[in-house]
Amino acid sequence: MAKTKELSKDVRAKIVDLHKAGMSYKTIPKQLGEKVTTVGVIIRKWKKHKRTVNLPRPGALCKISPRGVAMIMRTVRNQPRTTREDLVNDLKAAGTIVTKKTIGNTLCREGLKSCSARKVPLLKKAHIHACLKFANEHLNDSEDNWVKVLWSDETKMELFDINSTRRVWRRRNAAYDPKNTIPTVKHGGGNIMLWGCFSAKGTGQLHRIKGTMDGAMYRQILGENLLPSARALKMGRGWVFQHDNDPKHTAKATKECLKKKHIKVLEWPSQSSDLNPIENLWRELKVRVAKRQPRNLNDLEKICREEWDKIPLEMCANLVASYKKRLTSVIANKGFATKY
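Residues numbered from 1 in each chain as written. Predicted model: local features only at pLDDT ≥ 70, side-chain atom pairs only at ≥ 80, totals over all residues. Heavy atoms only, no water.

## A few points about the overall build of the chain
Looking only at helices and strands, one finds 15 helices and five strands in the chain. For 340 residues, the compact-globule estimate of 2.2 N^0.38 gives 20 Å, and the C-alpha radius of gyration of the chain, at 32 Å, exceeds that figure by more than 25%. Based on the C-alpha atoms only, the size of the chain along its principal axes is roughly 105 × 50 × 45 Å. Out of the 340 residues in the chain, the part that is buried amounts to 35%. Surface summary for the chain: the accessible area is close to 22,800 Å², and the carbon and sulfur share equals 52%. (Helix = DSSP H or I, 4+ residues; strand = E, 2+ residues; numbered from the N terminus. Rg over C-alpha atoms; globule rule 2.2 N^0.38 Å. Buried < 20%, exposed > 50% of the residue type's maximum accessible area, 1.4 Å probe, protein only. Areas by Shrake-Rupley, 256 points an atom, 1.4 Å probe, with all protein chains shown as cover.)

This is the structure we're talking about:
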């Protein structure tokens, strides 16, 4: 039998209105040109449910029992890297035969979805403890304390790799049109290392590191860039310098150099990039540079300097103003990596 077309909401409402007006089951179909059985179904549905639209349909029964759902949820909760095939085999061993698609649909209904695992630094117990200790000790520090901090770090800028994730709009057979491709060279085309600093008042000087940086070179970079940046940013008295625990940073000669210049250093936990807001600026810089597509290392350095100076002061201020949220996230995640 051919499937009949459902009546519109207006027709259904008119059937109910005519019924309320006292018109009989046989008269209504003649006036509206509909079948008697159809009119009867609409009126009975209205009498029982006070509505004429179709009721939600139950759909097919779930092939996995509530006990089976609880089992696979327990498995993925304890071992998030479990595959759908693993879960299919677990249920098969328990006497339930399902497909991987059924497993995926069940997990989606439970609010889970498959995502790429984020890559984070390998943290030892000592690193986790140190991060938690720092976050708890500074959680209640006022925003004024963080305004006085001059944050610093080094980063690598790749020449071609920074463009490798860009997306294009193209037709199906135009993948290799030159306009739709990104030129690459073997080994990434080279890179440059940068040292930079910033505070709530904006970005400081950006320095290109040439060659392999050792303690002597690091002290030279600080001598040429740290105090000039502090003066340009009008840090005033009592400002604090932040750098991580790289051996070049914590070397005795470096500590003596900073002490001689009366620069106070913020005590910093190892492997704690989530705590350093300059990481957000490095990401911003890489996005900005990628859009300009530098063609050689000199061009890359030039564009990095230009875009670093263009980073809005408001972004720097917001990173510092929200620092308490960063500490709260570290505490909430018990010292492990966070979204920051």
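## With respect to the pattern of salt bridges
Under the definition given, this model contains 10 salt bridges. A salt bridge links Glu-284 to Arg-288, with the shortest nitrogen-to-oxygen separation between them at 2.7 Å. Here the residue Glu-284 and the residue Arg-288 both occupy positions in helix 12 (residues 278–292), the gap between them amounting to four residues, near one helical turn. Residue classification places Glu-284 among the partly exposed residues on the basis of a relative accessible area of 22%. With a shortest N-O distance of 3.0 Å, Glu-301 and Arg-305 are connected by a salt bridge. Here the residue Glu-301 and the residue Arg-305 both occupy positions in helix 13 (residues 297–310), the gap between them amounting to four residues, near one helical turn. On the basis of relative accessibility, which here comes to 33%, the residue Arg-305 falls in the partly exposed class. Several salt bridges converge on common partners, so that one network encompasses Glu-284, Arg-288, Arg-292, Lys-302, Glu-306, Glu-307 and Lys-310. (Salt bridge = Lys/Arg side-chain N within 4 Å of Asp/Glu carboxyl O.)

## Quick notes on the packing of helix 12 against helix 13
Here helix 12 crosses helix 13 at 125°, and the two axes come no closer than 9 Å. Accordingly, the angle class assigned to the pair helix 12 and helix 13 is oblique. Regarding helix 12 and helix 13, the two cross each other, and that crossing is right-handed. Contact residues: helix 12 offers Ile-278, Leu-281, Trp-282, Leu-285, Arg-288, Val-289 and Arg-292, while helix 13 offers Leu-300, Ile-303, Cys-304, Glu-306, Glu-307, Trp-308 and Lys-310. Of the residues belonging to the contact of helix 12 with helix 13, the class tally is nine nonpolar, no polar and five charged. (Axes fitted to C-alpha atoms, helices over the stretch in contact; angles between N-to-C directions. Parallel < 35°, antiparallel > 145°, perpendicular 65-115°, else oblique. Left-handed = near helix turned anticlockwise from the far one by under 90°. Contact = heavy atoms within 4.5 Å. Nonpolar A, V, L, I, M, F, W, Y, C, P; charged D, E, K, R; others polar.)

## Some thoughts on unusual backbone geometry
In the Ramachandran plot, Lys-234 falls in the positive-phi region, its phi being about 55° despite a non-glycine side chain. Following the sequence through the fold, Lys-234 ends up in the loop between helix 9 (215–232) and strand 4 (240–242). One non-glycine residue, His-262, lies in positive phi territory at about 60°. With respect to the helices and strands, His-262 occurs in the loop between helix 11 (252–260) and strand 5 (264–265). Take His-262: its relative accessible area is 73%, and that puts it in the exposed class.

## Brief notes about the nonpolar core
Across soluble globular proteins, nonpolar side chains show a tendency to be buried alongside one another. Judged by nonpolar contacts, the single largest core of 33 residues is most densely connected at Trp-146 and Trp-151. Secondary-structure elements contributing two or more residues to this core are helix 7 (125–138), strand 1 (149–158), strand 2 (191–199), helix 12, helix 13, helix 14 (313–321) and helix 15 (323–332). Of all the elements, helix 12 adds the most residues to this core, at five residues. Cys-197, Ile-209, Ile-221 and Met-235 belong to the second-largest nonpolar core, a separate cluster that totals 16 residues. (Core = buried A, V, L, I, M, F, W, Y, C linked by side-chain atoms within 4.5 Å.)

## Structural notes on the sheet that holds strand 5
Strand order in the open sheet formed by five strands is 3-2-1-4-5, with mixed pairing between adjacent strands. Looking along the sheet, the strands with just one partner apiece sit at the ends: strand 3 (202–209) and strand 5. The pairing of strand 1 with strand 4 spans three bridges and is classified as parallel. Looking at the pairing, Leu-150 lines up with Phe-241 of strand 4. Here helix 9 sits on the sheet in contact with strand 1, strand 2, strand 3 and strand 4, set at roughly 155° to strand 3. (Pairing = 2+ DSSP bridges.)

## Here we look at the domain arrangement of the chain
What the domain assignment reports for the chain is domain 1 (9–49), domain 2 (66–110) and domain 3 (127–333). Just the C-alpha atoms count here: the centres of domain 2 and domain 3 sit 43 Å apart. (Domains from an automatic or database assignment.)

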